[in-house]
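Here is how the chains run, residue by residue.
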Amino acid sequence: MRRPNIIEKDIASVTTLGNLTNVFESLASTQVAKVKNKAQLSQEFFDLLWSCYTSIRVDPKTRITARDDYGNGRTVLVLISAEAGLSGDLDMRLVETMQQNYNPATTDIVVLGSHGASQLSQRGIPYARFFQVPETDSYVNVEPVIEAIIDYSTIIVYYEEYLSLGQQEIRSLDLVMHMKAMSQDAEEGIITAADTIFEPSLNEIADQMEVTMMSLALSQTILQSGLAQAASRFNAMTTAEKRAGEMTSGYTLEFHRSKRGESDRRLREVLVGIKKKRRERSEKEGTL
Amino acid sequence: MSEAPLDLHVIARAPFALYYDGAASAVSAANRIGPFDILPGHADFLTMLTAGTITIETNNEPVTIDAKNGLVTVRDNEVLLFVNI
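So, a few notes on the structure that sits alongside this text. (Residues numbered from 1 in each chain as written. Chains lettered and ligands numbered in written order. Predicted model: local features only at pLDDT ≥ 70, side-chain atom pairs only at ≥ 80, totals over all residues. Heavy atoms only, no water.)

### With respect to the overall build of chain A
The helix and strand inventory of chain A stands at six helices and six strands. Along chain A, from the amino end to the carboxyl end, the secondary structure elements read α-β-α-β-α-β-α-β-β-α-β-α. Evaluated residue by residue, chain A yields a buried proportion of 41% over its 288 residues. The long-range share in chain A, meaning contacts at least 24 apart out of those at least 6 apart in sequence, stands at 77%. Of the roughly 15,600 Å² of accessible surface on chain A, 52% is carried by carbon and sulfur atoms. (Helix = DSSP H or I, 4+ residues; strand = E, 2+ residues; numbered from the N terminus. Buried < 20%, exposed > 50% of the residue type's maximum accessible area, 1.4 Å probe, protein only. Contact = heavy atoms within 4.5 Å. Areas by Shrake-Rupley, 256 points an atom, 1.4 Å probe, with all protein chains shown as cover.)

Written out as structure tokens, the structure reads:
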């Protein structure tokens, strides 16, 4: 059995760890609330703008994403991961899901977030480009990412979706197909050049909006991933705190056992000493 | 001097913020062709904004927004401003 002073040191370490995870848990909880609010606001904005985009009536064949010669014939997989760790196994699941559709001969990978990049490196999967997750406090600037992926024929975004605090799922979105499908959905409030002034021109605006909507769709997935990561971090910290609590209880029990064992041992030693002394005394008295 | 009639209803928002939602007498902004104003009775209109300041004239202080880019639609005196898209 370990000595009580050693166990006591372990208890102190695990208690500190428990306190730290508690702080991280609180931070993650605040982050969840903050990002959730932003994701909701941004979703309203996106829906409103999307309805505006889909109400523009132009010949679908002229759209960038509908052209027969669209893209370079290759596929790009865009991975939206976290900038840092401590978010459980979410990024690992993201990479594993992506791997199922990865063919190095026809596919390139673009990764957002250092954690995803390190997960790919650990598996020996090369990636064509790396970007830090764009700042999400006021404006999600995805322009550099869009520039890097716009020439690909197929753009599949892998992201993490927040379903609830306890459940986050890995999702994928074919950006070009999504754009094609959504632009054919408008049923009401169609705007045409017959009743509306377009500056500089309808086709130019439609082209520009198409790229803008693609950027916004990507921004939405980044926000969703941010929310899912915050929730996953919260869960990971809750589990770690619980585990630290269990370890502290285990160590405390061991400490008390060890301490009792030590006092029992001392008592035994004292008794043995007394017996020895008595024996020595009786032997002395016997010889006299 | 009498105040200009507030016949426009303007909603100006960014992905994470609502700048203004209410009545206005005019909206000034700029697109690739140049600066423009939207007044009550403006024809239905749709344009992409360039970087610059958007000004919304209200009964109180004008609301100004610094925009990196944006989109504006006008339909039946309803002005929708999407800023920083």
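Having seen the structure, we can now continue with the description.
### Considering the overall build of chain B
Helix and strand counts for chain B come out as zero helices and nine strands. The helix and strand sequence of chain B, counted from the amino end, reads β-β-β-β-β-β-β-β-β. Taken over C-alpha atoms, the radius of gyration comes to 12 Å for chain B, in line with the 12 Å a tight globule of 85 residues would show. Expressed as lengths along the three principal axes of its C-alpha atoms, the size of chain B is roughly 35 × 25 × 20 Å. Among the 85 residues that make up chain B, the fraction classed as buried is 51%. Partitioning the contacts of chain B with sequence separation of at least 6, the portion at a separation of at least 24 is 44%. Charged side chains of chain B number 4 positive and 10 negative; the gap between the two group centres comes to 15 Å. (Rg over C-alpha atoms; globule rule 2.2 N^0.38 Å. Lys, Arg positive; Asp, Glu negative; His and termini not counted. Charge placed at Lys NZ, Arg CZ, Asp CG, Glu CD.)

### So, the interface of chain A and chain B
Opposite the 30 residues of chain A that make contact, chain B presents 23 residues. Seen at the junction of chain A and chain B, the total is two salt bridges. Salt-bridge contacts for Glu204 of chain A lead to Arg32 of chain B; the nearest nitrogen and oxygen are separated by 2.2 Å. Here chain A is connected to chain B by eight residue pairs in polar contact (both at pLDDT 80 or more). For the side of chain A that touches chain B, the elements supplying multiple residues, two or more each, are α1 (4-54), β6 (197-199) and α6 (202-287) of chain A. (Salt bridge = Lys/Arg side-chain N within 4 Å of Asp/Glu carboxyl O. Polar contact = N/O pair within 3.5 Å; in protein donor to acceptor, adjacent residues only side chain to side chain.)

### Some details on the environment of Met209 of chain A
Turning to its location among the elements, Met209 of chain A is positioned in helix α6. Sequence separation between Met209 of chain A and Glu8 of chain A is 201 residues, and the spatial gap between their C-alpha atoms is 64 Å. Residue contacts for Met209 of chain A: discarding those within four places in its chain leaves Leu49, Tyr53 and Ile56 of chain A together with Met48 and Leu71 of chain B.

### Things to note about the side chain of Thr73 of chain B
Here Thr73 of chain B lies in strand β8 (residues 70-75). Take Thr73 of chain B: its relative accessible area is 9%, and that puts it in the buried class. Here Thr73 of chain B is in contact with Cys52 of chain A together with Phe45, Leu46, Glu78, Val79 and Leu80 of chain B, once residues within four sequence places are set aside.

### Comments concerning the packing of aromatic side chains
According to the stated counting rule, one finds three aromatic pairs over all chains in the structure shown. Here Phe46 of chain A and Trp50 of chain A contribute two aromatic rings whose centre-to-centre distance is 5.5 Å and whose plane-to-plane angle is 40°, an arrangement assigned as tilted. Here Phe46 of chain A and its partner Trp50 of chain A are both found in helix α1, four residues apart, which amounts to about one turn of the helix. Each member of the pair, Phe46 of chain A as well as Trp50 of chain A, carries the same accessibility label: buried. Between Phe36 of chain B and Phe45 of chain B, the aromatic rings sit 5.4 Å apart at their centres with planes inclined by 75°, giving edge-to-face as the arrangement. Assigned by exposure class, Phe36 of chain B and Phe45 of chain B land together as buried. For Lys38 of chain A, the ring lying beneath its charged end belongs to Phe16 of chain B, and the centroid distance is 5.1 Å. (Phe/Tyr/Trp six-rings, centres within 6.5 Å; stacked < 30°, edge-to-face > 60°. Lys NZ or Arg CZ within 6 Å of the ring centre and 35° of its normal.)

### Some remarks on the packing of helix α2 (residues 90-99) of chain A against helix α3 (residues 114-122) of chain A
All names here are of chain A. The N-to-C vectors of α2 and α3 enclose an angle of 55°; their axes lie 10 Å apart at closest approach. Of the possible angle classes, the one that applies to α2 and α3 is oblique. Once α2 is placed against α3, the crossing between them reads as right-handed. Side by side, α2 and α3 meet where Asp91, Met92, Val95 and Met98 of the first sit next to His115, Gly116, Gln119 and Leu120 of the second. Partitioned by chemical class, the residues of the contact of α2 with α3 number four nonpolar, three polar and one charged. (Axes fitted to C-alpha atoms, helices over the stretch in contact; angles between N-to-C directions. Parallel < 35°, antiparallel > 145°, perpendicular 65-115°, else oblique. Left-handed = near helix turned anticlockwise from the far one by under 90°. Nonpolar A, V, L, I, M, F, W, Y, C, P; charged D, E, K, R; others polar.)

### As for α2 of chain A
Of all the residues in α2 of chain A, the buried ones are Leu90, Asp91, Leu94, Val95 and Met98 of chain A. Projected onto a plane normal to the axis of α2 of chain A, the buried residues spread over an arc of 135° and lie on a single side. (Arc of directions from axis to C-beta.)

### What about the sheet that holds strand β4 (residues 35-38) of chain B?
Residue and element names in this part refer to chain B. Pairing in this open sheet of four strands is antiparallel, and the strands run β4-β3-β6-β7 from one edge to the other. Across the chains shown, the open sheet's two edge strands, defined by having one partner strand only, are β4 and β7 (63-67). Recorded for the sheet is a direction-independent mean angle of 15° between the axes of neighbouring strands. (Pairing = 2+ DSSP bridges.)

### Side note on the environment of Gly113 of chain A
Its place among the elements puts Gly113 of chain A in the loop between β2 (107-112) and α3. Not counting residues within four places of it along the chain, the set of residues in contact with Gly113 of chain A comprises Ser81, Ala82, Glu83, Phe130, Phe131, Gln132 and Val133 of chain A.

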